[in-house]
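# Coordinate analysis (summary)
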Amino acid sequence: MFFDTHTHLGSRQFDSDLPAVLERARAAGITRMVAPATDLENARKLLAFAENEPDVRVAVGIHPCDADSVSGESWIDELRDLARRPKVCAIGEIGLDYFHAPPEGFTLEDWKAHQAKVLTAQLELAVELKLNVILHNRESWDDLTALVLPFSERLRGVFHCFTGTMEQAAPLLKLGHLISFTGIVSFKNAGVIAETARMVPADGYMLETDAPYLAPVPHRGKRCEPAYVADTARAIAMLRGETVEQVAADTTRNALAFFRGWD
């Protein structure tokens, strides 16, 4: 019934009980899950795991906070090989992150430039392989959109964990991109995020947990799990004055059209 389009099943927080996590997700009606990678090692880990899980697909990519894990040119060739695997449905999680301090050895200016170089290389790879992209933004909105929007005629992106306004979302949606909501939308102080979830067109958004982070009410403060995407769906249904079934149907339809390799 529900599609969790962004759940970090390769996180170390799930290493001890991942089979139970998946069992709870399936019991809650989550029928499909996309697990985005954060670096090459994490991508390999996810692909090995997903081989035995018919309801899991993988996005491969270098997260901006892990951009220091790659240098030179050979890494993109390795990512290309991984992205050609049958279980891969998108390139991601990629983007820009200006919230966290630069790693050792980088000035702020150099770190931003390196993130932009890594992001651009992955956008070009996505075009080459005809894959869509999962986009991360943290305090980098203007620079991120400036790099991504020129690719709009050649790929689609989902701006994951969207926390912006409808005014920010509208031009992206017009170009065919999507936004995705986490459990933040269920928080009492959700504010503008809740308003965006209420107003976004039915064909413009998807659901995600971003597990193990951002657990929705009534699980706030706990480790998030893909099962909890059902709670996010219920929160959005209340905001939109729709049934949970309608929210699930709309967001699943959007996700099936966006990600490669699903029935």
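Quick look at the structure, then. Per chain, residue numbering runs from 1 following the sequence as it is written. Local features are withheld for residues below a pLDDT of 70 in this predicted model, meaning they are given only at 70 or higher, and side-chain atom pairs are given and counted only at 80 or more; totals for whole chains, interfaces and linings count all residues. The basis for the side-chain values is all heavy atoms of the structure; hydrogens and waters are excluded.

### Digging into the pairing of strand β3 (residues 56-60)
A 1.4 Å probe rolled over the protein chains alone gives each residue an accessible area, and that area as a share of the maximum for its type sets the label: buried under 20%, exposed over 50%, partly exposed in between. Where helices and strands are cited, they refer to DSSP runs of H or I of at least four residues and of E of at least two residues respectively, numbered from the N terminus. Counted residue by residue, β3 has five buried out of five residues, so it is predominantly covered. With burial as the criterion, each face of β3 is covered, one bearing Val56, Val58 and Val60 and the other bearing Arg57 and Ala59. We call two strands paired when DSSP finds no fewer than two bridges between them. Strand direction decides the pairing type here: strand β2 (residues 30-36) and β3, joined by four bridges, are parallel. Residue pairing for β3: Pro36 is matched across the bridge by Ala59.

### Observations regarding the pairing of strand β5 (residues 133-138)
Inspection of the sheet shows strand β4 (residues 88-97) paired to β5 by five bridges, in the parallel sense. The residue bridging Ile91 from the neighbouring strand is Val133, located in β5. Pairing geometry for β5 and strand β6 (residues 157-159), over three bridges, is parallel. Its bridge partner being in β6, Val133 is matched across the sheet by Gly157. Seen with its strands pointing away from the viewer, a crossover is right-handed if its path from the first strand over the helix to the second goes clockwise. Crossover β5 to β6 through helix α5 (residues 141-148) is right-handed.

### Considerations on the sheet that holds strand β7 (residues 178-181)
Strand order across the open sheet formed by eight strands is β1-β2-β3-β4-β5-β6-β7-β8, with parallel pairing between neighbours. Because the sheet does not close on itself, it has two edges, and the strands there are β1 (2-4) and β8 (205-207). If you compare each strand with its neighbour and ignore which way they point, the axes differ by 30° on average. In terms of strand pairing, β6 meets β7 through two bridges, oriented parallel. Orientation is described by axes fitted as lines to C-alpha atoms, over the contacting stretch for helices, and by angles from 0 to 180 degrees between their N-to-C directions.

### Comments concerning the pattern of salt bridges
Two side chains that carry opposite charge are able to pair once their charged atoms sit near each other. Whenever Lys or Arg places a side-chain nitrogen within 4 Å of a carboxyl oxygen from Asp or Glu, that contact is recorded as a salt bridge. Enumeration over the complete set of coordinates arrives at 15 salt bridges. A single salt-bridge network, built from bridges that share partners, covers Asp17, Arg24, Arg223 and Glu225.

### Remarks on the packing of aromatic side chains
Whether two aromatic rings pair depends on their centres lying within 6.5 Å, for rings of Phe, Tyr and Trp, where Trp uses its six-membered ring; planes under 30 degrees apart make the pair stacked, over 60 edge-to-face, and the rest tilted. As enumerated under the stated definition, the model contains seven aromatic pairs in all. Between the aromatic rings of Phe258 and Phe259, the centroid separation amounts to 4.9 Å while the plane-to-plane angle is 80°, which identifies the pairing as edge-to-face. This pair shows no difference in class: Phe258 is buried, exactly as Phe259 is. Consider the ring centre and the ring normal. A charge sits over the ring if Lys NZ or Arg CZ is within 6 Å of that centre and within 35 degrees of that normal. Arg57 extends its terminal NZ or CZ atom over the ring of Trp262, reaching a point 4.3 Å from the ring centre. Between the NZ or CZ atom of Arg220 and the centre of the ring of Phe187, over which it lies, the distance is 3.7 Å.

### Examining the packing of helix α7 (residues 192-199) against helix α8 (residues 229-240)
If you want to describe how two helices pack, look at the angle between their axes and the distance between the axes. Running from N to C, α7 and α8 cross one another at 75°; their axes reach a closest spacing of 8 Å. What the angle tells us is that α7 and α8 run roughly perpendicular. Where α7 abuts α8, its residues Ala194, Ala197, Arg198 and Met199 lie against Ile236, Leu239 and Arg240. Here the contact of α7 with α8 is composed, by residue class, of five nonpolar, no polar and two charged. Our angle categories are set so that under 35 degrees counts as roughly parallel, over 145 as roughly antiparallel, 65 to 115 as roughly perpendicular, and the remainder as oblique. Whether two residues are in contact is decided by their heavy atoms, any of which lying within 4.5 Å being enough. Ten residue types, Ala, Val, Leu, Ile, Met, Phe, Trp, Tyr, Cys and Pro, are classed as nonpolar, four, Asp, Glu, Lys and Arg, as charged, and the remainder, Gly among them, as polar.

### Overview of unusual backbone geometry
Cis peptide bonds are those with omega within 30 degrees of zero, and the linkage from Ala211 to Pro212 qualifies with 15°. Here Pro212 lies in the loop between β8 and α8. Even without glycine at this site, Cys161 takes up a positive phi of about 50°. Topologically, Cys161 is positioned in the loop between β6 and α6 (166-174). Given a relative accessible area of 19%, Cys161 falls into the buried group.

### Let's talk about the state of the cysteines
Whenever a pair of cysteine sulfur atoms sits within 2.5 Å, that pair is classed as a disulfide. This structure, assessed with the given rule, holds zero disulfides. Not part of a disulfide, Cys65 finds its nearest cysteine sulfur in Cys161, a span of 13 Å. Relative accessible area serves as the criterion here: at 30%, Cys65 is assigned to the partly exposed category. No disulfide involves Cys89; its sulfur sits 18 Å from that of Cys161, the nearest cysteine.

### As for helix α1 (residues 18-27)
One full turn of an α-helix is made of 3.6 residues, so residues set three or four places apart face in the same direction. Within the span of α1, buried status applies to Leu18, Val21, Leu22 and Ala25. Down the axis of α1, the sector holding all buried residues measures 95°, keeping them to one side. The outward face of α1, more than 90 degrees from its buried face, is lined by the exposed residues Pro19, Glu23 and Ala27. Those residues of α1 that are buried lie in contact with β2 and α2 (40-50). Among the residues trailing α1, Gly29 stands out with phi positive, at a value near 95°. Directions drawn from the helix axis to the C-beta atoms are what define this arc.

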